[in-house]
Amino acid sequence: MKRYTVETASEGTKKYYYIMDRETLDIVLLPSKYLKHKVRSNLSPNTVKRYAFSLTYYLEYLSGKEMGVMQICELGYEEQSSHFTQYLYWIKDGGHTVKRKIGDTNNGTCNAYLKDVFGFYLFMADCGYVPSLKVLSYSQITVANGIGVRRTLRSKAFKGYMKAEERDVRAATEDEIMATLQTCTNSRDQLLLLLIAETGFRIGEILGVNYSRDIDYENHTIGVYFREDNENKARAKNAEFRKGKISNDTFDFLLHYLAEYRNLLQHQNYLFINIAGDTAGQPLRVDSVYAMLERAADKTGILLTPHMLRRYFAVTRWDAGWPLELISQALGHKHLDTTIQYLGIIDNKLMEASRDFYAMHSIKYGIEKLL
């Protein structure tokens, strides 16, 4: 039986996570303070939940080693590096699960758990609870190139992360979207798929749309607004605001949906709701969307996901000539690197783009004078 468990408590619209020691029935104070800090930093509940379980796994590992966080901080660099590398392999071998499944956890997930743990150590060091971890310090050297320009190179000391597997998530194709749309049994599900494909919004963002406030019916745009009190727990990932424009055909279909289910929609403001059963009229939840897509996959043999639809949006806009920065903004990405991964832009595409650029633009550096 595991020693530590993740518990929750609500305060108004906020949901707090804390870690309890089953042996003593006490709250584990410092990790719980860290989780409270993350909630107050406006992270999404799902992200804070992941932090909570990451820390619980690590506390189980420390318990098995009969060590505490202060002891880890007092270790030398080599010992710390060995400790965290062994923790990665403990996760990889399924030590964190009740049913031990060796190798089931992919390398990227193992690394993510460790990064969450490092975040906890950094928080404790910033608060003065413990010394800084030596493996999180930076190594720094200054070098000069052939003409004397000096550069400072910095790198993190910890080098033990596992090589992450590439995410096997591809963009949906137009044929797959069409086949799934035809399989849907109601206009709500069809509209949901159409809006994700045409806006690139995340599933949580779509489910949080308020049809009375977030839709510009004159300009055919839908806005993403950050809210913490959505009944279905949907929210914008990065607490950002942005808009997406939909086609005229999809806008007409949106109006058709609103008319068809007006009797249910008029009692609340969410665009997507349950349309049958005891929960009819209540906001649609993420798990219901995935269940719908699985039922469609049973009929078509095509397992479509919201993430694949977002990638479809990105790829089709890239192929249409949209600038990378524009696609990144539309997707709500913080970093262009994430957008590049979405698009699957690899070296040959970059080389092709460079050739096209040089063919269209003459660049003169006065190279002939240097020869």
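Everything here concerns the structure above.
Let us look at the structure shown here. Source: prediction; values computed, not measured.

This part covers the overall build of the protein. If you tally the helices and strands in the protein, you get 15 helices and eight strands. Each of the 371 residues in the protein was classed as buried or not, and the buried ones make up 43%. Taking all contacts inside the protein whose residues are at least 6 apart in sequence as the whole, residues at least 24 apart take part in 55%. Total accessible area computed for the protein in this model is approximately 21600 Å², and 51% of it derives from carbon and sulfur atoms.

Now for the sheet that holds strand β3 (residues 26–27). Taken in spatial order, the three strands make up an open sheet running β1-β2-β3, and their pairing is antiparallel. Every interior strand has two partners, whereas the edge strands, β1 (4–11) and β3, have only one. Sheet topology places strand β2 (residues 14–21) next to β3; two bridges connect them, and they run antiparallel. Within the sheet, the bridge partner assigned to methionine 20 lies in β3 and is isoleucine 27. This element, helix α1 (residues 29–40), spans β2 and β3 of the sheet and lies at about 170° to β2.

Our next topic: the layout of surface pockets. Taken as a whole, the second largest pocket holds about 190 Å³ of empty space. The set of elements that each furnish at least two residues to the lining of the second largest pocket consists of α7 (187–199), β8 (242–245), α12 (306–319) and α13 (324–331). Take the lining of the second largest pocket: its biggest share by element is four residues, from β8.

What follows covers unusual backbone geometry. One non-glycine residue, leucine 25, adopts positive backbone phi at about 65°. Mapped onto the elements of the fold, leucine 25 is located in the loop between β2 and β3. A positive phi angle, near 60°, is found at histidine 220, a position not held by glycine. The class of histidine 220 is buried, set by a relative accessible area of 16%.

This part is about the packing of aromatic side chains. Applying the stated criterion to the full structure yields 21 aromatic pairs. Between tyrosine 34 and phenylalanine 123, the ring centres sit 5.2 Å apart and the planes meet at 50°, which makes this aromatic pair tilted. Separated by 89 residues along the polypeptide, tyrosine 34 in helix α1 and phenylalanine 123 in helix α5 (residues 107–126) bring together distant segments of the chain. Of the two residues examined, tyrosine 34 and phenylalanine 123, each falls in the buried class. Between phenylalanine 158 and tyrosine 161 the ring centres are 5.2 Å apart and the planes differ by 90°, which places this aromatic pair in the edge-to-face class. On the basis of relative accessibility, which here comes to 5%, the residue phenylalanine 158 falls in the buried class. For tyrosine 161, a relative accessible area of 32% puts it in the partly exposed group.

Attention shifts here to the sheet that holds β8. An order of β6-β7-β8 is seen for the three strands of this open sheet, with the pairing classed as antiparallel. At either end of the open sheet lies a strand with only one pairing partner, and these are β6 (215–216) and β8. Here strand β7 (residues 221–224) runs beside β8; their pairing, made up of four bridges, is antiparallel. What sits directly across from threonine 221, in β8, is lysine 245.

This part takes up the environment of threonine 250. Summarising the element assignment, threonine 250 is placed in helix α9 (residues 248–260). Threonine 250 sits in the buried class, given a relative accessible area of 3%. Counting along the chain gives 60 residues from threonine 250 to glutamine 190, while the straight-line C-alpha distance between them is 10.0 Å. Filtering out sequence-adjacent residues up to four positions away, threonine 250 remains in contact with Leu191, Leu194, Leu195 and Glu198.

Taken as a whole and assessed by the stated rule, the structure comprises two cavities of 30 Å³ or more. Taken together, Tyr121, Leu122, Ala125, Pro131, Ser132, Leu133 and Leu136 form the lining of the second largest cavity.

This part takes up α1. Over its twelve residues, α1 extends 17 Å from the first C-alpha to the last, a length consistent with the 16 Å expected when each residue adds 1.5 Å. Those residues of α1 lying buried are Pro31, Ser32, Tyr34, Leu35, Lys38 and Val39. Seen from one end, α1 has its buried residues packed into an arc of 155°, which puts them on one side. Opposite the packed face of α1, turned more than 90 degrees from it, sit the exposed residues Leu29 and Arg40. Packing partners of the buried residues in α1 comprise β2, β3, α2 (45–65) and α5. Where α1 terminates, the next one or two residues include asparagine 42, which has phi positive at roughly 75°.

Right, let's talk about the side chain of glutamate 198 for a bit. Within the secondary structure layout, glutamate 198 lies in helix α7. Within the buried set, glutamate 198 has no salt-bridge partner at all; the shortest N-O distance to an opposite charge, 6.0 Å, is to arginine 317. Filtering out sequence-adjacent residues up to four positions away, glutamate 198 remains in contact with Lys245, Ile246, Ser247, Thr250, Phe313 and Arg317.

With that settled, the discussion passes to the pairing of β1. When β1 meets β2, the two strands line up antiparallel, connected through eight bridges. Following the sheet pairing, alanine 9 is matched in β2 by tyrosine 16. The antiparallel hairpin formed by β1 and β2 contains two residues in its connecting segment, where glycine 12 sits at a positive phi of about 65°.

With 42 residues, the main nonpolar core has Tyr58, Phe84, Tyr87, Tyr121 and Leu133 as its most contacted residues. Contributions of two or more residues to this core are made by β1, β2, α1, α2, α3 (69–73), α4 (77–92) and α5. Among all residues touching tyrosine 58, those that are not within four sequence positions of it are Ile72, His83, Phe84, Tyr87, Val117 and Tyr121.

How each quantity is defined
- Residues numbered from 1 in each chain as written.
- Predicted model: local features only at pLDDT ≥ 70, side-chain atom pairs only at ≥ 80, totals over all residues.
- Heavy atoms only, no water.
- Helix = DSSP H or I, 4+ residues; strand = E, 2+ residues; numbered from the N terminus.
- Buried < 20%, exposed > 50% of the residue type's maximum accessible area, 1.4 Å probe, protein only.
- Contact = heavy atoms within 4.5 Å.
- Areas by Shrake-Rupley, 256 points an atom, 1.4 Å probe, with all protein chains shown as cover.
- Pairing = 2+ DSSP bridges.
- Axes fitted to C-alpha atoms, helices over the stretch in contact; angles between N-to-C directions.
- 1 Å grid on protein atoms, 1.4 Å probe; cavity = no way out; pocket = protein on both sides within 12 Å on 5 of 7 lines; lining within 4 Å.
- Points joined across faces, edges and corners; volume = space filled by probe spheres on them.
- Phe/Tyr/Trp six-rings, centres within 6.5 Å; stacked < 30°, edge-to-face > 60°.
- Expected span 1.5 Å × (residues − 1).
- Arc of directions from axis to C-beta.
- Lys, Arg positive; Asp, Glu negative; His and termini not counted.
- Salt bridge = Lys/Arg side-chain N within 4 Å of Asp/Glu carboxyl O.
- Core = buried A, V, L, I, M, F, W, Y, C linked by side-chain atoms within 4.5 Å.

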